[in-house]
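Here's the letter readout for the chains.
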Amino acid sequence: MKVWNDIRGVVLRELRIWMHRPIYLVGSIVTLMFCTIFCLTFFNEGIPEDVPVGVVDNDNSWVSRYFIRELDAMQLAKTVKFDNYDEAAEELYKGNLGGIIVLPQRMSADIQSQKQPEVHYYINSLYIINGALAYKALLTMTNTANAAVQREVYRKLGYPEYKLRDLIQPIAVDAHQIGNAENNYGYYLTNILLPAFLEMIVILVLSYSLGAELKYGTSRHLLDTTHGSMIDALLGKLLVYTILFTGMGMAMILILYNWAHFPIAGSLWHMFLAIIMLVLASEGISVFIIGCLPVPRLALSISALYSVLGFSLSGFTLPTEVMPSFVQGLSAAFPIRHYYLWYCQEVFYGTGFAGWWPQLVSLSIFMFLPLFVLYRLKGAYVKQNFPTN
Amino acid sequence: MEEEKKTTFLRTWFKDFWGIFLNEIREIFSDSGVILIYFVAGLAYPMLYSLVYANGIVNDTPMAVVDMNDSEASRDFIREVDATREVSVAYHCMNMEEAQRLMTERKAHGILYIPSDFSKNIVQFKTATVSLYCDMTSFLYYKNDLMGVNHVMIDKLGKIEVERYTKAGYYGKNADRLAHPIIVEDHSQLNTNSSYTIFLVSAIYFIIIQQLMFYGMSLLVGTQREENRSFASLPDQFEGHGVNRVVLGRGLAYLLVFMGIGLYIAFIVPSLFGIPIRGQFFNTLAALTFFVVDCIFFSMFWSSLITRRESVFVLFLFMSPICLFLAGSSWPTFAFPKFWKLFSYIFPSTFGCKAYINGTVAGGDISIIGGYLIHMTIQTIVYYFLACAMVHIENKIIRHKDELREIRDRLAAMHGIDIEKNVRIIAGEKGAEEYFKRTNKD
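Cut-offs applied
Residues numbered from 1 in each chain as written. Chains lettered and ligands numbered in written order. Predicted model: local features only at pLDDT ≥ 70, side-chain atom pairs only at ≥ 80, totals over all residues. Heavy atoms only, no water. Domains from an automatic or database assignment. Axes fitted to C-alpha atoms, helices over the stretch in contact; angles between N-to-C directions. Helix = DSSP H or I, 4+ residues; strand = E, 2+ residues; numbered from the N terminus. Parallel < 35°, antiparallel > 145°, perpendicular 65-115°, else oblique. Left-handed = near helix turned anticlockwise from the far one by under 90°. Contact = heavy atoms within 4.5 Å. Expected span 1.5 Å × (residues − 1). Bend = angle between axes of the 7 residues up to and from the residue. Salt bridge = Lys/Arg side-chain N within 4 Å of Asp/Glu carboxyl O. Polar contact = N/O pair within 3.5 Å; in protein donor to acceptor, adjacent residues only side chain to side chain. Nonpolar A, V, L, I, M, F, W, Y, C, P; charged D, E, K, R; others polar. Pairing = 2+ DSSP bridges. Phe/Tyr/Trp six-rings, centres within 6.5 Å; stacked < 30°, edge-to-face > 60°. Buried < 20%, exposed > 50% of the residue type's maximum accessible area, 1.4 Å probe, protein only. Lys NZ or Arg CZ within 6 Å of the ring centre and 35° of its normal. Disulfide = S-S within 2.5 Å. 1 Å grid on protein atoms, 1.4 Å probe; cavity = no way out; pocket = protein on both sides within 12 Å on 5 of 7 lines; lining within 4 Å. Points joined across faces, edges and corners; volume = space filled by probe spheres on them.

1. Comments concerning the domain arrangement of chain A
Each assigned domain of chain A is listed here: domain 1 (2–43 + 185–383) and domain 2 (51–168). The C-alpha centroid of domain 2 of chain A is placed 50 Å from the C-alpha centroid of domain 1 of chain A.

2. Here's the deal with the packing of helix H1 (residues 2–20) of chain A against helix H10 (residues 230–259) of chain A
Residues and elements named next belong to chain A. Close contact between H1 and H10 brings their axes to 8 Å; oriented N to C, the two are set at 55°. One way to sum up the angle between H1 and H10 is to call them oblique. Taken as a pair, H1 and H10 cross one another with a handedness that is right-handed. Across the interface between the two elements, Lys2, Val3, Asp6, Ile7, Val10, Val11, Glu14, Leu15 and Trp18 of H1 pack against Asp232, Ala233, Leu235, Gly236, Lys237, Leu239, Val240, Tyr241 and Leu244 of H10.

3. Here's the deal with helix H10 (residues 243–272) of chain B
Residues and elements named next belong to chain B. In this model, H10 (30 residues) spans 42 Å end to end at C-alpha, consistent with the 44 Å of a helix rising 1.5 Å per residue. Along its length, H10 shows its largest kink, about 30°, at Ile265. Taken from the residues just after H10, Gly274 is the one with a positive phi, measuring 70°.

4. Regarding the interface of chain A and chain B
With 123 residues of chain A in contact, the opposing surface of chain B contributes 125 residues. Linking chain A with chain B are 2 salt bridges. With its nearest N and O atoms 2.8 Å apart, the salt bridge here joins Glu226(B) to Lys215(A). Summed over the shared surface of chain A and chain B, the number is 44 residue pairs in polar contact (both at pLDDT 80 or more). Ranked by residues supplied to the side of chain A that touches chain B, first place goes to helix H6 (residues 128–157) of chain A with 16 residues. The class makeup of the residues in the side of chain A that touches chain B is 75 nonpolar, 31 polar and 17 charged. Two strands pair when backbone bridges link them, and strand S5 (residues 171–178) of chain A and strand S4 (residues 128–135) of chain B are joined in this way by 8 bridges, in the parallel orientation. For Asp174(A), the partnering residue across the bridge sits in S4(B) and is Ser131(B).

5. Digging into the sheet that holds strand S1 (residues 61–67) of chain B
Strand order in the open sheet formed by 5 strands is S5(A)-S4(B)-S3(B)-S1(B)-S2(B), with mixed pairing between adjacent strands. Where the open sheet ends on each side, the last strands, each with one partner, are S5 of chain A together with strand S2 (87–93) of chain B. The mean angle between the axes of side-by-side strands here comes to 25°, regardless of whether they run parallel or antiparallel. By the bridge criterion, 4 bridges tie S1(B) to strand S3 (residues 110–114) of chain B in an arrangement that is parallel. Counterpart to Ala64(B) in the pairing with S3(B) is Ile111(B). Helix H3 (residues 72–83) of chain B rests against S5 of chain A together with S1, S2, S3 and S4 of chain B of the sheet, and its axis sits at about 135° to S2(B). Where helix H4 (residues 96–104) of chain B meets the sheet, it contacts S5 of chain A together with S1, S2, S3 and S4 of chain B, and its direction lies at approximately 165° from that of S3(B).

6. Considering the packing of helix H8 (residues 196–226) of chain B against helix H15 (residues 349–361) of chain B
All names here are of chain B. Look at H8 against H15: their axes get within 9 Å of each other, and the N-to-C directions meet at 135°. One element, H8, and the other, H15, form an angle in the oblique class. Here H8 runs over H15; the crossing is right-handed. Contacts from Ile198, Ser202, Ala203, Tyr205, Phe206, Ile207 and Gln210 of H8 reach H15 at Ser349, Gly352, Cys353, Tyr356, Ile357 and Val361. Partitioning the contact of H8 with H15 into residue classes produces 9 nonpolar, 4 polar and no charged.

7. Some words on the sheet that holds strand S1 (residues 51–57) of chain A
As summarised here, the arrangement of the 5 strands in space is S2(A)-S1(A)-S3(A)-S4(A)-S5(B), forming an open sheet in which the pairing is mixed. The strands lining the two open edges of the sheet, one partner per strand, are strand S2 (77–82) of chain A together with strand S5 (183–186) of chain B. The sheet shows a mean angle of 25° between the axes of neighbouring strands, taken without regard to direction. Sheet topology places S1(A) next to S2(A); 6 bridges connect them, and they run parallel. Considered in S2(A), the bridge of Val56(A) is made with Phe82(A). Where helix H3 (residues 62–73) of chain A meets the sheet, it contacts S1, S2 and strand S3 (99–103) of chain A, and its direction lies at approximately 140° from that of S2(A).

8. A few points about the domain arrangement of chain B
When the parts come together, some accessible area is lost, and that loss is often what is quoted as the size of the interface. Split by domain assignment, chain B resolves into domain 1 (13–53 + 195–399), domain 2 (61–179) and domain 3 (404–441). Here domain 1 of chain B and domain 3 of chain B have C-alpha centroids that lie 37 Å from each other.

9. What to know about the packing of aromatic side chains
Going through the model one piece at a time under the given rule, you end up with 68 aromatic pairs over all chains. Measuring from centroid to centroid gives 5.1 Å for Phe42(A) and Phe43(A), while their planes differ by 80°, and the two rings are edge-to-face. Of the two residues, Phe42(A) and Phe43(A), both sit in the buried class. Ring centres of Phe281(B) and Phe282(B) lie 5.2 Å apart, and the angle between their planes is 80°; this geometry places the pair in the edge-to-face category. In this structure, Arg164(B) is placed above the aromatic ring of Phe125(B), and the distance from its NZ or CZ to the ring centre is 4.3 Å.

10. What about the state of the cysteines?
Residues and elements named next belong to chain B. For the coordinates displayed, the defined rule picks out 0 disulfides over all chains. Counting only cysteine sulfurs, Cys323 is the nearest neighbor of Cys353, a cysteine outside any disulfide, at a range of 8.4 Å. Take Cys388: it sits in no disulfide, and the sulfur closest to it among the cysteines is that of Cys295, at 17 Å. Using a relative accessible area of 11% as the deciding quantity, one classes Cys388 as buried.

11. Comments concerning empty space enclosed by the protein
Tallied over the entire structure, the rule returns 6 cavities of 30 Å³ or more. Taken as a whole, the largest cavity holds about 550 Å³ of empty space. Contributing to the lining of the largest cavity are 31 residues, with Val308(A), Tyr49(B), Ile204(B), Pro321(B) and Leu324(B) lying nearest its centre. Breaking the lining of the largest cavity down by element, the ones donating at least two residues are helix H8 (185–215) and helix H12 (296–313) of chain A together with helix H2 (32–52), H8 and helix H13 (319–326) of chain B. Tallying contributions element by element places H8(B) first for the lining of the largest cavity, with 9 residues. Its residues assigned to classes, the lining of the largest cavity comprises 25 nonpolar, 6 polar and no charged.

Structure, rendered in structure tokens:
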């Protein structure tokens, strides 16, 4: 009974603090809302369409014009005409074009006389999506052009019309994109970006809240509220923030997989569990940081440096297996990495518990971190013997 | 007489300016938090990112193959897939279930399924279709699966056509000419292998400069405000004049610090990690200088919203990844929704990153980065005036503190918030007394 009273006191006190200082709610709810709106609107197109491709047409025949028209008609690309290579190259270097294609002089005559004209590509892969899409468009287009010429050859050889299609395409690749059938870049990024933002918010806001007690010298009063029990004080604080953060996390999961219809093979309930575990693990990290370093500004700086790294080390863009080996090991120290692996199992393959139980265990381990620093944090709260600025 | 007045004005101006500059340098170097951000993070972060992304090319993505055909043609196809840079055939499976299991266990990142009629179709002049199942958990797996198999497919296509033409009576070079009527030459010199390192790290460098400067400056500004010695109170010593002196004097301190950090980030780190520097030295230097100056006034303006020391991280840290996307190197600028395009003009990094990528990494000359320099100049001018305005406004606020506090109390009373009671609940009796003593003293 006493424990419950203590915790209730801390909870009410924390709610007062929120009323007094908007930073807690602005830093959590408003920030996550902004990020959600950003991700859902910024990547709205899914995959960029009409990548600008520069065309230098030195042939100017009906064949080259037909080629350009067909390229322009592709969903992937949009052509921009240039008089010479230099002008086009300037735009390519500026990153305004994904690539350039140069059609040679006498292209149409050379095709007809089987002299194999050379078509030249220049791709700018410093802008990686731009470059990849332009490359795909140009490759598809030249293969189509090759096939069109072959069709004529086979026709002259006397093959019947209905066989031509098979003849010009002896082998085809039927590609299936598992779990993201539309090849949607927005789904791919948002699915991990938003939880990574949530992790960042949890770590920062919670260590700010615990640090503020030291900074403004209110930590002794906090302990008075719980009659000197550090565990009760921490439980009370964590209760309020866990409700806030898991609420935000579950709303995020609902928005992604229910409202915005992101594809998910498994169950929504499992993702709820995943996001709750992510929040709890991040809270463990946060308490651990402020406990090790009960100096608000250092703890906040370390939290900031740590949580920004999570975006890279989750391995959702560049896979961790190609990172240097000690970085691969380091990635295990980030809850978002485990969340990413969990999400791969559940969202892409729907494996359920059998697939993600190792991640459940890993994320649970983070929750024991506060135990190591509880004593030290209590010391700091009672003695207030660390610099506050 | 006139002459004399002018010189004394200039002299005092310069004296004040110099004093503020020295004061700011002292502030920067006497704050351990700022030192941590500027000198520890500033030196370590570019290194760390370069290290994490040191090997940005994913080779030999493991693939599981299900060969239901088991013919010479299918084995040849598989062998060629294995030989590509992108894919390595790691598992030969008996059936799809086995391959699927390998994929969910993340041992294989793609499945190639060759149907039993594969070789028969080729012989019968029908299209032989192979199925490819790509792992979409990372786009680099997907890209490798697709590129590896497609390259083999295109190569096979040509070989089969040549064979067929040979059978139809075209020999040697003639058959080749018919099978490849157009030849494609790829001259992609900028980032030939689509290395993730060069693409991402070259954009991150300038983001790091901007964000570190902003966080450090906000930390200082927050501290000064907490201690009631805001930089905006400086003009008081000059009888209300000298907003320019304050802004420029402080700016010079950051220019000095950040040109050092900037040169390190823009030149030394990339050469340590093999990021190509194709641009000329002075072009990069120009881009860096314009960018740093722009960042200074940008940070001055936005940091004036920070009232307490640590709050900058809680409020603005999430902007770092967002700035990276707004720089337009990953998601192409032409695909930005209109609002976000306008929004991106707030940040110096939108132009700075491109100036660095296009000028330094790609090797573009001044005609290519000139546009970005002009944009950054316009931004600098706008932020300079905004920064001056903020100093001016804050100065007013400091002078009219008591009136403002009265307004706050009145508003609180109107909405039924009892500030005194709140403070007592949060900080306890003793804490509250201290709080009131402190606030009444000001």
